[in-house]
Structure formats: C-alpha cells, structure tokens
Amino acid sequence: KSKSSSPSPSLQHTSAPVISADVTSHAVNENDSMDYVWQYISQQKENPSMSTDSSNVRVAIRMRPLNQREVDLHAQQCVDMFSGTDLMIIDEETTMENKFSFDYCFDAKCLDSSQSFAGNQQQVFDKLGLEVLTNAWNGYNASLFAYGQTGSGKSYSMMGSDADPGIIPRVCMALFYLIQRHYETVEGQIQAGSKAEPSDRHFSVEASYLEIYNERIRDLLDPSRANLKVREHPQTGVFVENLSTCAVENYKDVSDLLEMGLQQRTTAATQMNSESSRSHSVFTIVIRMKSLLANGKQAVRLCKLCLVDLAGSERAASTGATGARLKEGANINRSLSTLGRCISALAKVASAERDGEKINIPFRESVLTWLLRESLCGNAKTAMLATVSPADVNYGETLSTLRYANSAKMIATKAVVNEDPTTKIINELRNEVMRLRDELSGAGHSQGSSGSLSGSPVAQSGGGAEEGMSSKKINEKMKEHLLMAENALQTYAKAWESKEVCYHCIYIYLLVI
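About the cut-offs
- Residues numbered from 1 in each chain as written.
- Predicted model: local features only at pLDDT ≥ 70, side-chain atom pairs only at ≥ 80, totals over all residues.
- Heavy atoms only, no water.
- Salt bridge = Lys/Arg side-chain N within 4 Å of Asp/Glu carboxyl O.
- Helix = DSSP H or I, 4+ residues; strand = E, 2+ residues; numbered from the N terminus.
- Buried < 20%, exposed > 50% of the residue type's maximum accessible area, 1.4 Å probe, protein only.
- Pairing = 2+ DSSP bridges.
- Axes fitted to C-alpha atoms, helices over the stretch in contact; angles between N-to-C directions.
- Parallel < 35°, antiparallel > 145°, perpendicular 65-115°, else oblique.
- Left-handed = near helix turned anticlockwise from the far one by under 90°.
- Contact = heavy atoms within 4.5 Å.
- Nonpolar A, V, L, I, M, F, W, Y, C, P; charged D, E, K, R; others polar.
- Expected span 1.5 Å × (residues − 1).

K.L.:
Report on the pattern of salt bridges, specifying residues and quantitative values.
P.N.:
All chains considered together, the criterion is met by 12 salt bridges. A salt bridge links glutamate 232 to arginine 373; the shortest N-O distance between them is 2.5 Å. Of this pair, glutamate 232 sits in strand β11 (residues 230–233) while arginine 373 sits in helix α12 (residues 373–377), placing them 141 residues apart in sequence. What makes glutamate 232 partly exposed here is its relative accessible area of 40%. A residue is classified by how much of its surface remains accessible, and arginine 373, at 17% relative accessible area, is buried.

K.L.:
Explain the pairing of strand β5 (residues 97–101) to me, using residue names and the numbers behind them.
P.N.:
For a regular strand, side-chain orientation follows a simple rule: the groups alternate between the two sheet faces. Burial along β5 is one-sided: the residues Asn98 and Phe100 are buried and none of Glu97, Lys99 and Ser101 is. Taken together, the 5 bridges between strand β4 (residues 86–90) and β5 define a ladder with antiparallel strand orientation. Of the residues in β5, the one forming a bridge with leucine 87 is phenylalanine 100. Hairpin connection between β4 and β5: a loop of 6 residues separates the two successive antiparallel strands, and threonine 95 in this loop has a positive phi of roughly 60°.

K.L.:
So what's going on with the packing of helix α9 (residues 324–347) against helix α13 (residues 395–408)? Which residues, and what values?
P.N.:
With their axes 8 Å apart at the nearest point, α9 and α13 run at an angle of 40° to one another. In terms of their interaxial angle, α9 and α13 are classed as oblique. Note that α9 runs across α13; the crossing there is left-handed. Taken together, the residues of α13 that come into contact with α9 (itself represented by Leu336, Leu339, Gly340, Ile343, Ser344 and Ala347) are Tyr404, Ser407 and Ala408. Residues that form the contact of α9 with α13 fall into these classes: 6 nonpolar, 3 polar and no charged.

K.L.:
For α13, give the residues involved together with the corresponding values.
P.N.:
Spanning 14 residues, α13 covers 20 Å between terminal C-alpha atoms, matching the ideal 20 Å at 1.5 Å per step. Of all 14 residues in α13, 10 are buried, a share of seventy percent or more. Buried within α13 are the following residues: Tyr395, Glu397, Thr398, Leu399, Thr401, Leu402, Tyr404, Ala405, Ser407 and Ala408.

What follows is the structure in structure tokens.
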C-alpha cells in the first residue's frame, strides 16, 4: 500500500468508451502467459460446466500455515485436508471429529509440496476465480466474497501482493486479456477473408470501490462521498446511490483504482493482525458487451462482477480491542451475524417451499446483507471463499467458519443473462415497426391486385362501400400505429446514441484534465 496520495476521479454514473484492440495490448504483462484462460473460456463456451441458470453457491476453503503468534503459543494443527474437497477438524480436548465436504479445499501448500502458501494464489484463481470470470464473460452477474476469522488470510487471498497478486488483480488481468484475444481473433478472421461472427462483441468496462465501515457506506474512490444510501431499482436491483463509477480501458487503470481504494480503506492493528481490515470492501466491475447481430439488431449485455472482501470476525478477548477498535469489532460481528442468519434462512428455503412454509430472511437488518442480497439469492452466480486458521487455539472460530460455509453451499441462486433495458426496448420497437410494415405491405398488395376499392363493382354497392371504408380505417389505424412506433424508435435510438457520445466526451475530458 503506497502512502502517497493522488486525486480521486469525480466520474459519477458514467460509462466507459468502447475498448479498442490497441488499448487492451497494455492489459497484461509480457511475462504473463494467460493462453490457458482463453482456452478455458473457449471450452466452456462449447461445453459449459455451469450452463444451467439455477446453481448452488460454490464454496471453497483455504487454510493458511501457522503464523508466528500461533507458533509462540505452541499451537498444534487441528485441521486436516485429506483431498481436494474434504477436510476434518479435531477438538484436541474431546478428540471429537467434524468432517466437511466443499467444492474446493486449498491446503497451506499447493499440490506441489515444495511451493509455499504464497504460490497457492495461482491455484486459487485457476479453480475459483476463473470460474467466476467465465460466468461474467457469458453475460451473467457473478459474485465472489471472502469470509473468515480476522488474520486468516482473506485480504491476502483477494488482493495478494505485488509479487504474487490475489484473486481481484488476477480476475481483472484475465478479463482484459480475454478482450484483447477476442479482438485479435476477430481481426484474424477478417484478414483471412472470412466474416466475423455475428456475435462479434465490443466491450466497455466500469469499476467502483466502496467500504462499509460501522454500518455506513463510503466511496473509496472519492472519500468525500460518505454515508451513501442503498437503493433498489425495479429492473436493475440493489445499487448504491451517488457512488462514483470510473471507466477503465486496461489493467493499469484498474490497478490504479485498487491502489487508490486501498489507501483510503480503514485498517488498524490488533493483537491478532497487524493490518486488520476494519471494514467490508466491495469492488465492482460492470462489463457492457455490445453486439450487432446478423439480422441488424443490436444486443447489449450488462453483467456485474462483484468481488467482496469481508472484515474478519473477531473476539475482543483475542484481539485486545478497546475504544474505537472495540466499537468497530462489534459492528463487524453484528453485520456478519446478520449475514450468517440470512445464509441459514436461505439454506432452508428449498425445503420450506416444499412444505408450504414461509421463511423471513433479514436482509434489511444490515447494510452489508441488503447490498449483497442479489448475490445471495437473486440474479447472480455466486462463490464463497472461506479462510481458516489451522491452529487449535482458534478451534472455535475455525469450526464456526466451516459451519457457516457449509450452510452457504446449500443456497441456490437463479441467474439469467442480462440484456440492457434500453436496448431491449429498441429491439422490441424495431420488431413492431417491421411487423406493421409487413402488414401494410400485404394489405396494399391485396388492394392493388383486386383493383381500387372505390372503382370496383363491389365497392359501388352498399356492402362493398362499407367493406371499403372498413379497410381504409384499418389501414389508417395501422399507419398511425406504425408512425407512433417509428417515432418512439427514433427517440430511443437518438437518446442511446447521444448517451454514448456524452459518455465518450466525458471520458476524453477527464483524460485531458
């Protein structure tokens, strides 16, 4: 964390300009080989492993090595991971064994025992982070949150270090690598003389960063915006009002925002952690994928990638917290307790629905749970990384974390591919215009083939006159509807184009100043 300060961007609710291929070339270091990411995404596209909209929360457990404090206390290891998915925790006093199974279990070392805990960062990304990124790339909302006792390695797993980045930097790095490879693939198809795929996409990416400190939301990219409110939109769901959103074109832009946010995040030293996070942080990436389909329609997908680093649960007796630290710890535990009750209630929803029962889920009792509502039970594919200490002196906290995670894996979410509301309206209006034009064309053709209604013998009779007047009224009504649909289409299209131009101008202006 750099101690130098830099001005915060004042970009509020803006969209990034479309990312071009030459810009994304700066997204990944030359020494980083991420070809396997592109291959993995391509394989998932052909045979997706999580193709169903309905899926349970994916849960992974990560165990760190004993730290110096635990070594000084002569602590013994009470957690044993005996496979990539199973573990056992033993109470040394009663010799009671508790066994758990999860989607992934990461030991203190990689599969290669010669590598250290730090080298395990790549394995965590390959198993968990890449899966979350794949869901976002396919157009779904995706969420990943880290939970665990204070000092168990949550922030290290999510952020990492300069030498060995965590999940958040690796996901962002891989995202811009995928965009770069996509453009290179399309360009290669064009140069080879073949047309690009109808689903050829253009990308724009935005990012926001906030913390929840003492049940109040603060914008980490613009610290002057404090005590922000959580609102709910009928179409887009829960959002934070007046939260700044910054356009990013490459990984360096994201890295700068992360560094800026980390400088502002609230941390303090306790007896268990010298750099204890005193707040929950939420880093959100919004990806807009615009496609021009073969039938001339425009399709825009909006997906939100939410990466959450929760503050650690703690006991005052262990942390030695007093004064402000004690108040912070109480608020952290209160919000995590509410999250735990929400997870327990959500885990019972499926069985309760079968029995005809109604379960109250206390989302509104905490800012954290209200903000994460969509991730836990709404339109999102969610993963959870629970970090634990292997020391027997932390047996109670570790067992609590494992039970917490065990409940989370029973939660089912239902995700759908997101289409931009404005684009959806434009496409519906375009379909309506085409339908009305076809009907008018068919009516005109039938009239032309049978001659003028007014000049025909049938039209000169009373019944024929009535039929002719009725046809004219129908045609006039259809023309009126067509004109209304065309005007509405033009209005929405102009609004959409002006919005894109406006966003681009704002972004260029901010680059200049």
